[in-house]
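Spelled out, the chains give:
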Amino acid sequence: MTGRGRGTRVRVAAVVLAWAALVGTDAAGAAPAHADARAPRFGSSAVIAPGVEYRTFTVAASHGTAYGHLLSVDLREPGISLDLLTAGAVAARKPVSAMADERGAVAAVNGDFFNISETQHPGVPATGAPVGPAVAGGAALKSAVPNGQRFGPVLPSGTTTEDVVGLGADHVARLGRLTLRGTVEARQGTLPLRGVNQYAVAEGGVGAYTSDWGTASRARAVCGTDTDRAAPCGQETYEVTVRRGVVTRVAAAPGEGAIAPDTVVLVGREAGARDLRALRVGDPVRLGYRLEGAQRAPFTFAVGGFPIVRDDRPLAGLDTVDAAVRTSAGIADGGHRLYLLALDGGPDYRKGLTIGELADLMLDTGAEDAVDLDGGGSSTLVAREPDGARTTVRNHPSGGAERPVPNGIGVFTRH
């Protein structure tokens with residue numbers, strides 16, 4: 001697929017969707033004679049809840065036909081909301097269906113790429129924590145790891161691990177960027193905070209871990225570099241535990257285990273470790289941080305994902321070679337509609353799409369902006385049956401079953 005003919009593709013997709021809504025699913029599966037040969041062909045459809053519609057589709061692509069599933073969420077519908085699904089902690093994983101059912105979501109997809117393995121660092125456990133910023137219920141859970149520490153495809157030029165998709169306090173969905181601004185204040189001076197609940201702290205920096213992190217080991221925080229995830233773990237490290245604003249414990253290496261709600265653990269590497277060594281048990285410490293963005297309304301929900309479509313155009317330099325099973329979130333109607341898409345995996349559906357083809361597909365659905373989310377075995381789309389109390393997995397995950405993931409995008413309704 002190419003980025004040309006965007007207006008035609010959107011009109012074709014709109015015609016197909018409108019016709020399907022009027023006359024049923026048979027018509028939706030057969031595109032008009034004038035349709036772009038590579039436009040998606042929609043099949044079965046169902047209303048999951050007022051304002052939430054589910055459709056299947058096929059699309060011709062460079063590696064063969066791809067099969068997929070699409071949720072359309074009308075954010076203008078009374079009672080519709082979005083929020084981040086989690087496994088109960090930043091560094092924890094669960095299947096999307098379990099996270100959705102625990103929160104009472106009517107539909108969901110998997111979210112951000114995450115620290116899935118540590119083959120380059122023997123003996124260091126993978127944390128399962130996500131790459132980018134995360135906001136749930138208006139509260140910041142974590143900030144982004146350095147670009148070179150991320151998992152997932154190569155970032156397009158001009159994008160960073162700080163890029164997110166989310167919902168603003170004005171109930172408008174948008175893409176954005178969330179940058180950590182924070183400090184650690186002590187008698188010895190003020191230190192910049194370079195991470196919050198991240199599986200990788202920036203070189204020479206200090207990172208903070210709160211009760212939101214969970215019980216996972218913090219050893220991974222000092223491994224790799226800002227440009228090379230596989231680089232060895234740092235040898236100069238230090239950890240300081242602060243409870244109710246007072247240092248209660250110091251240690252030479254990062255630890256593990258649950259962190260109490262009134263406690264923050266600071267982990268330093270290189271210069272950051274040297275700075276923390278100046279602190280002593282009993283010293284007062286004050287910590288402050290926020291996720292700062294340029295958006296006109298703060299995010300009530302946000303999840304990391306790298307942009308592939310902005311302002312009705314694919315980003316330049318998207319990969320057009322490697323096809324894979326993928327998940328995406330797209331924004332339409334000036335932020336009043338959200339599209340959530342997941343492809344089928346498994347032996348019969350492994351064709352997938354390149355990132356470039358995914359961008360074109362999201363444009364064809366009508367998205368004006370879109371991000372790529374975690375794919376492969378993580379790609380999962382779930383939706384509630386009209387008369388059911390639980391969600392069911394609608395796509396075919398690559399591994400034959402759901403992969404536990406750290407977060408997802410949940411769709412909620414009061415109906």
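Since the structure is predicted, the reported quantities are computational estimates derived from the model, not experimental observations.

## So, helix 3 (residues 96-103)
- Every buried residue of helix 3 is accounted for by V96, S97, M99, A100 and D101.
- Considering only its buried residues, helix 3 is in contact with strand 4 (81-86), strand 5 (107-110), strand 24 (381-384), strand 25 (391-393) and strand 26 (407-412).
- The positive-phi residue at the C-terminal boundary of helix 3 is G104, with phi of around 80°.

## Here's the deal with the nonpolar core
- With 77 residues, the main nonpolar core has V52, L71, I308 and I409 as its most contacted residues.
- Sequence-distant contacts of I409, defined by excluding residues within four places in its chain, comprise D83, L85, A107, A108, V109, V165, F301, V303, A329, L338, L340 and L373.
- Formed by 23 residues, the second largest nonpolar core is a distinct cluster that contains V247, L279, L291 and F299.

## Overview of unusual backbone geometry
- With a phi angle near 65°, H171 is a residue other than glycine that sits in the positive phi range.
- Positionally, H171 belongs in the loop between strand 8 (163-168) and strand 9 (173-177).
- Despite not being glycine, D311 shows a phi value in the positive range, around 50°.
- Position of D311 among the secondary structure elements: in the loop between strand 19 (306-310) and strand 20 (313-314).

## Focus: the sheet that holds strand 20
- Spatial strand order, 1-2-3-22-21-23-19-20: eight strands in an open sheet with antiparallel pairing. Every interior strand has two partners, whereas the edge strands, strand 1 (41-49) and strand 20, have only one.
- Taken together, the six bridges between strand 21 (residues 327-332) and strand 22 (residues 337-343) define a ladder with antiparallel strand orientation. Its bridge partner being in strand 22, T327 is matched across the sheet by A342.
- Its contacts with the sheet put helix 5 (residues 355-365) on strand 2 (52-59), strand 3 (66-74), strand 19, strand 20, strand 21, strand 22 and strand 23 (369-373), and the angle it makes with strand 19 is roughly 50°.

## Points about helix 5
- Buried residues dominate helix 5, accounting for eleven of its eleven residues.
- For helix 5, the set of buried residues is I355, G356, E357, L358, A359, D360, L361, M362, L363, D364 and T365.
- G366 occupies a position one or two residues after helix 5 and carries a positive phi of about 115°.

## Comments concerning the sheet that holds strand 10 (residues 179-186)
- An order of 11-10-17 is seen for the three strands of this open sheet, with the pairing classed as antiparallel. Single-partner strands in this sheet number two, and they are strand 11 (189-192) and strand 17 (285-292). Neighbour-to-neighbour, the strand axes of this sheet turn through a mean angle of 15°, independent of strand direction.
- For strand 10 and strand 11, the ladder comprises four bridges, and the chain directions are antiparallel. When the bridges of strand 11 are listed, T183 appears paired with P192.

## Description of the side chain of T179
- Here T179 shows up in strand 10.
- Those residues within four positions of T179 in sequence are excluded, and the remaining contacts are E162, R290, L291 and E292.

## A look at the environment of D311
- The class for D311 is exposed, based on a relative accessible area of 62%.
- For the pair formed by D311 and D283, sequence separation is 28 residues and the distance between their alpha carbons is 51 Å.
- Beyond its immediate chain neighbours, meaning those up to four positions away, D311 contacts E368 and D369.

## Observations regarding the pattern of salt bridges
- On inspection of all chains with the given rule, the structure shows 23 salt bridges.
- The salt bridge involving R76 is made with D74; its shortest N-O contact spans 3.3 Å.
- Of the residues examined, R76 reaches a relative accessible area of 46% and is grouped as partly exposed.
- Assessed through its relative accessible area of 17%, D74 is described here as buried.
- Each of D74, R76, D333 and R337 takes part in a single network of salt bridges with overlapping partners.

## Quick look at the confidence of the model for the protein
- Residue-level pLDDT values for the protein average 91, and 91% of them are 70 or greater.
- Predicted confidence is poor over residues 1-35, with pLDDT under 50, and the contacts of this stretch with residues over four places away or in other chains come to 50 contacts.

## Considering the UniProt feature "domain: Phosphodiester glycosidase" (unreviewed entry) in the protein
- Under the local residue numbering, the UniProt record ascribes the feature "domain: Phosphodiester glycosidase" (unreviewed entry) to residues 238-412.
- A distance of 42 Å separates the end C-alpha atoms of residues 238-412, which is 10% helix and 41% strand.

Cut-off values and rules
Residues numbered from 1 in each chain as written. Predicted model: local features only at pLDDT ≥ 70, side-chain atom pairs only at ≥ 80, totals over all residues. Heavy atoms only, no water. Buried < 20%, exposed > 50% of the residue type's maximum accessible area, 1.4 Å probe, protein only. Helix = DSSP H or I, 4+ residues; strand = E, 2+ residues; numbered from the N terminus. Contact = heavy atoms within 4.5 Å. Core = buried A, V, L, I, M, F, W, Y, C linked by side-chain atoms within 4.5 Å. Pairing = 2+ DSSP bridges. Axes fitted to C-alpha atoms, helices over the stretch in contact; angles between N-to-C directions. Salt bridge = Lys/Arg side-chain N within 4 Å of Asp/Glu carboxyl O. pLDDT = per-residue confidence, 0-100. UniProt positions renumbered as here; feature names shortened; annotations may be inferred.

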